[in-house]
Amino acid sequence: MTSTRTSIHGQWSSRWVFILAATGSAVGLGNIWRFPYLTGENGGGAFVLVYLFCVVMMGIPIMMAEILLGRRGRKNPINTMHTLAIEEGLSPNWRLLGWLGVIAGFIILSYYSVIAGWTIAFIFKTGMGDFVGSNADQTTAIFSELISNPKILLFWHTFFMFLTIYIVSRGVKSGLEQAVKFLMPALFILLLVMVGYAMSTERFLDGLKYLFVPDFGVLANKNLFSDVFLPALGQAFFSLSIGMGAIMIYGSYLSKDSSITFNSFVIALADTGVAILAGIAIFPIVFTYGLEPSGGPGLIFVSLPIAFGQMPLGTFFGCLFFILLMFAAWTSSISLLEPAVTWMVENRKMTRYRAAYIAGFIAWLLGLLTVLSFNHWAFKFSFAGKTYENGLFDIFDVLTANIMLPLGGVLIAIFTSWLMSRSSTIDELGLSDSIAYKIWRFIIRYVAPLGVVVIFFNAIGLFS
Ligand code: PFF
């Protein structure tokens, strides 16, 4: 059955704008900050391999399903799930899946904004030449000093949250297009420059090997499920922005004649490409300058500045790099706030402006807990066999990326493949009843949900 609904929030002006916006959401701190540090913490090449597997077997099919739901429902994720569930003769409680996403979005945004704040602080540090000629100890000291100062973290967190609220309050479609069209390619080119620098370092090949050749020796004293599979799965969801309604809401602005399959592949390819490039740029520097790959969330902030301090025009490139990273984080953070804001506009009849400020304020408040996680309130804890150092920040991160997003993803997979009628999904994907459709349906029915469930329950030790 063909759906003719339209969104009250308007539509993207073309398919490419959707691709740009969704890529803007996907490419962000997740690729350049989170991917390298998780790779370093969780076994290098083996982690990357499992990550790629999760992107292909779970990420892309679930992204297709999520865009499909968004475009068919044409509302915020809560109302979309509610409407589609009723249309398919299912329980309206499916709207809770929308809620799960909106809450995950708040939690991610709360800490995302703090890390984006680190990026802004680094624009100034690199721009003022703080890293010229510095070694690993010096960059580590500069980074430690930053995160041990809650006042500065609070300042930049507040600043970044304002930027996010500002764009969302004006409607994401107006500002986003220009930002993504020029800044994303610029970031990509700058990453290539960094890869060029990495090639000139002594340990370039070691860095490549670390990323692409799984070292099973490293895995000997690790638990494969909790140390490699679950973080890789969580990273795939986090990086692709799936499982929480962000891509769903962007899908709700997509015109009917645009191919969901093609779009999903392009977005996933761009996203994965940026993450891999970031890895290639960072690990040779990490090894050449004697840093620990498992250094945690500070990894890019202590490794890349060494390179900026050494390379020709390093101050310029360094400053530009962190500016572009801030923009990449910005185009992601607005997609984290958008689902909650559209809900408030649709269901609470608020103006977009008011909704953006209220929702942004709640996320900002929650972010204070992350600000303190790196200094006054830092504590260690263990989950699924892994130890974490940074208290509430890590709790928020693990809770969202490793639990809420995969859970949301599985429910999206079950809804689209087991509960929605076949004709609705065929109509929406526009693949007719072809081989491509059958492959998608098989993966989304069996492989994706089972994969997530097996990884999750093994990681928390339920099957061992
Ligand atoms: N994908 C973003 C990144 O990699 O930085 C983060 C993100 C945005 C996660 C939107 C989830 C989301 F819904």
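See above for the structure.
Draft legend 1. Molecular detail of the overall build of the protein chain. Each helix and strand counted, the protein chain has 19 helices and two strands in total. Taking 23 Å as the expected radius of gyration for a compact globule of 464 residues, we find that the protein chain reaches 21 Å, a close match to that expectation. Across its three principal axes, the protein chain shows a C-alpha extent of roughly 65 × 50 × 40 Å. Here the protein chain, with 464 residues, has 62% of them falling under the buried criterion. Pairs at least 24 apart in sequence give 81% of the contacts found in the protein chain among residues at least 6 apart.

Draft legend 2. Broad picture of the nonpolar core. If you look at the biggest cluster of nonpolar residues, it comprises 169 residues, and the most contacted ones within it are Trp-12 and Trp-118. With 18 residues, the top contributor of residues to this core is helix H5 (residues 95–127). When residues no more than four places from it in sequence are discounted, the contact partners of Trp-12 are Val-17, Phe-18, Ala-21, Val-172, Lys-173, Leu-176, Tyr-250, Tyr-253 and Leu-254.

Draft legend 3. Region of the structure containing unusual backbone geometry. Of note, Arg-74 is a non-glycine position whose phi angle comes to about 55°, a positive value. Inspection of the secondary structure assignment puts Arg-74 in the loop between helix H3 (45–73) and helix H4 (77–87). When its relative accessible area of 5% is taken as the criterion, Arg-74 is described as buried. The phi torsion at Leu-313 lies on the positive side, around 60°, for a residue other than glycine. Among the residues examined, Leu-313 registers a relative accessible area of 60% and is labelled exposed.

Draft legend 4. Molecular detail of a nonpolar patch on the surface. Together, Trp-418, Leu-419, Phe-442, Tyr-446, Leu-450 and Val-454 line one region of the surface with nonpolar side chains, adding up to about 550 Å² of accessible area. For the nonpolar patch, the secondary-structure elements that each account for two or more residues are helix H17 (391–419) and helix H19 (435–459). It is H19 that contributes the most residues to the nonpolar patch, four residues altogether. Residue placement: Leu-450 occurs in helix H19.

Draft legend 5. Seen up close, the site of the ligand. Near the ligand there are 15 residues, and of these Ala-26, Gly-30, Tyr-112, Phe-238 and Met-244 occur at the shortest range. Separating an oxygen atom of the ligand from a backbone N or O atom of Leu-29 is a distance of 3.1 Å. Between the ligand and Gly-30 there is a distance of 2.7 Å, counted from an oxygen atom to a backbone nitrogen or oxygen. Of all elements in the fold, only helix H1 (15–26), helix H2 (29–41), helix H11 (224–240) and helix H15 (314–347) reach the threshold of two or more residues within the shell around the ligand. Grouping the amino acids of the shell around the ligand by side-chain chemistry returns seven nonpolar, eight polar and no charged.

Draft legend 6. Seen up close, the side chain of Thr-201. Considering the arrangement of structural elements, one finds Thr-201 in the loop between helix H8 (172–199) and helix H9 (204–212). If we ignore the near neighbours within four places in the chain, the residues touching Thr-201 are Pro-284 and Thr-288.

Scoring rules and cut-offs
- Residues numbered from 1 in each chain as written.
- Predicted model: local features only at pLDDT ≥ 70, side-chain atom pairs only at ≥ 80, totals over all residues.
- Heavy atoms only, no water.
- Helix = DSSP H or I, 4+ residues; strand = E, 2+ residues; numbered from the N terminus.
- Rg over C-alpha atoms; globule rule 2.2 N^0.38 Å.
- Buried < 20%, exposed > 50% of the residue type's maximum accessible area, 1.4 Å probe, protein only.
- Contact = heavy atoms within 4.5 Å.
- Core = buried A, V, L, I, M, F, W, Y, C linked by side-chain atoms within 4.5 Å.
- Patch = residues over 30% accessible without salt bridge, like charges linked within 9 Å, V, L, I, M, F, W, Y side chains within 5 Å.
- Areas by Shrake-Rupley, 256 points an atom, 1.4 Å probe, with all protein chains shown as cover.
- Salt bridge = Lys/Arg side-chain N within 4 Å of Asp/Glu carboxyl O.
- Near = heavy atom within 4 Å.
- Polar contact = N/O pair within 3.5 Å; in protein donor to acceptor, adjacent residues only side chain to side chain.
- Nonpolar A, V, L, I, M, F, W, Y, C, P; charged D, E, K, R; others polar.

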